[in-house]
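# Chains, contacts and geometry: an overview
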Amino acid sequence: MKEKITNLELTSTMFLLLFSCSLGLAPYITIKIAGIDAYIGVMIGTLLGIIPLLLLLYLFNYEIDKPIYEKTKIIFGKILGTIINILLVILYFAVAVTMLFNMSNFIISQYLTNTPIIIVIIIISLAIFFSLNKGIPAITKTSCIYVIIIIILFILEVVGLIPEVKLDNLKPVLEYGIKSPTAAGILYSLLLTSPIYSLLIIPKKDIENNKKTNKYLFISYIVIALMIFFISLVTSSCLGKYLLELFQYPAYTTLKKISIFGFIDRIENFLSIQWILSSFITITIPIFYIKGNKNNKILNLIIIALLIIVASTIFKNNTTYNHYLITYYPYVFLILFIIHIIIFLTILIKKCIKRK
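Residues numbered from 1 in each chain as written. Predicted model: local features only at pLDDT ≥ 70, side-chain atom pairs only at ≥ 80, totals over all residues. Heavy atoms only, no water.

### A few points about the layout of surface pockets
As a volume, the second largest pocket reaches approximately 160 Å³. Around the second largest pocket sit Met 43, Thr 46, Leu 47, Ile 50, Tyr 221, Ile 222, Ala 225, Leu 226 and Phe 229, which together line it. Contributions of two or more residues to the lining of the second largest pocket are made by α3 (38-48) and α10 (213-244). The greatest single-element share of the lining of the second largest pocket, amounting to 5 residues, is contributed by α10. Among the residues forming the lining of the second largest pocket, the class breakdown is 8 nonpolar, 1 polar and no charged. (1 Å grid on protein atoms, 1.4 Å probe; cavity = no way out; pocket = protein on both sides within 12 Å on 5 of 7 lines; lining within 4 Å. Points joined across faces, edges and corners; volume = space filled by probe spheres on them. Helix = DSSP H or I, 4+ residues; strand = E, 2+ residues; numbered from the N terminus. Nonpolar A, V, L, I, M, F, W, Y, C, P; charged D, E, K, R; others polar.)

As structure tokens, this is what we get:
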């Protein structure tokens, strides 16, 4: 990578990877498990999410001149390291496919109800193909612009939704105990942080002033955690116990309540741009991880073709997709977390052996 990435660009990219989970994926899973206490699950998950974040920072600081797929070969040897890399590629492909369908399904259900979903999948995939050809520095710079747009839109949300908050809708609090919110929090923490490991494809030496990288990433996590907690709390308080479980995209439904100056309505379509932008990055970065640091247009085209085929065929309808989210997708980010824990522990063991 010839061009350096700034800490702000890297932080913006992680910000979008984290924020994208607030569209459909995290709300749907946490609400299914914890119901009206989903916002408590988000709070618990945010605290637990610090563990995967610290794991990311540690792996970033190990062999700072190499991407993760080279680090695994150093740690485990060529054969075992290659097997782990192949497994990670499969898992990140599953993340990309899931996010692509989620984003396309959202656009179809809210904007283009009479359009076949395959059309939307192809259009988004072509945009990703264009980004792949430009390289990671280009997408991280784009992320900075996206983050500015998202923060502005979030401020508009805060101003518009605070008058709609009804704390009585949050009652009864913990009606069925803390068990369900805790389980939801554990899944939420893994779902929130699973895409950020794809940033390990960037060697830390390619980041300008990388001694401050840890601080920048940690601040980004805190900011995005507060934003998502606000979204989940306001969504629960605006919709209430029964409506909350009715919608697949409850946060988007909540935006329909916003009215500016009492007569400007239906601005939810404008505000929802924030989720589309962040989801686009969350699809693109794992694909960067899959293709490695090779700038090969043919390879990029093959990956995008596979992405389109799998995303358009594996999910027959929305019911199939929702069943997959609850039943199978949690194992994807659980395995991602376990693999990186194994990498972390192996590094520690090797360091201990070397010292002795």
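### Examining the side chain of Asp 206
Note that Asp 206 resides in the loop between α9 (179-193) and α10. According to the relative accessible area criterion, Asp 206 is buried, its value standing at 6%. At 3.2 Å, the side chain of Asp 206 and the side chain of Lys 205 are in polar contact. (Buried < 20%, exposed > 50% of the residue type's maximum accessible area, 1.4 Å probe, protein only. Polar contact = N/O pair within 3.5 Å; in protein donor to acceptor, adjacent residues only side chain to side chain.)

### Some thoughts on the environment of Thr 6
Along the chain, Thr 6 falls in the segment before α1 (7-19). Accessibility expressed as a relative area gives 24% for Thr 6, which makes it partly exposed. Apart from residues lying up to four places away in sequence, Thr 6 is in contact with Ile 207 and Glu 208. At a separation of 3.1 Å, a polar atom in the side chain of Thr 6 contacts the main-chain amide nitrogen of Glu 9. (Contact = heavy atoms within 4.5 Å.)

### Brief notes about the pattern of salt bridges
Tallied over the entire structure, the rule returns 3 salt bridges. For the salt bridge of Lys 141 with Glu 9, the shortest nitrogen-to-oxygen distance reads 3.5 Å. Placement of the pair is Lys 141 in helix α8 (residues 136-161) and Glu 9 in helix α1, with a sequence separation of 132 residues. The class of Lys 141 is partly exposed, set by a relative accessible area of 33%. Judged by relative accessible area, which is 9%, Glu 9 ranks as buried. Note that Asp 206 is salt-bridged to Lys 205, the shortest N-O span being 3.2 Å. With relative accessibility at 35%, the residue Lys 205 sits in the partly exposed group. (Salt bridge = Lys/Arg side-chain N within 4 Å of Asp/Glu carboxyl O.)

### Thoughts on the environment of Val 173
Structurally, the position occupied by Val 173 is in the loop between α8 and α9. On the accessibility criterion, Val 173 (46% relative accessible area) is partly exposed. Distance in space between the C-alpha atoms of Val 173 and Asp 37 is 6.7 Å, their sequence separation being 136 residues. If sequence neighbours within four positions are ignored, Val 173 has contacts with Asp 37, Tyr 39 and Ile 40.

### Remarks on a nonpolar patch on the surface
Residues Leu 87, Tyr 331, Leu 334, Ile 335, Ile 338 and Ile 342 make up a contiguous nonpolar surface patch of roughly 510 Å² in combined accessible area. Examining the composition of the nonpolar patch, we find that 5 residues originate from one element, helix α16 (residues 329-355), more than from any other. Within the secondary structure layout, Ile 338 lies in helix α16. For Ile 338, a relative accessible area of 40% translates into the label partly exposed. (Patch = residues over 30% accessible without salt bridge, like charges linked within 9 Å, V, L, I, M, F, W, Y side chains within 5 Å. Areas by Shrake-Rupley, 256 points an atom, 1.4 Å probe, with all protein chains shown as cover.)

### Focus on the confidence of the model for the protein
On average, the protein scores 84 in pLDDT, and the residues at 70 or more come to 96%. Per-element confidence in the protein is highest for helix α4 (residues 50-60), whose mean pLDDT is 90, and lowest for helix α12 (residues 268-271), whose mean pLDDT is 69. (pLDDT = per-residue confidence, 0-100.)

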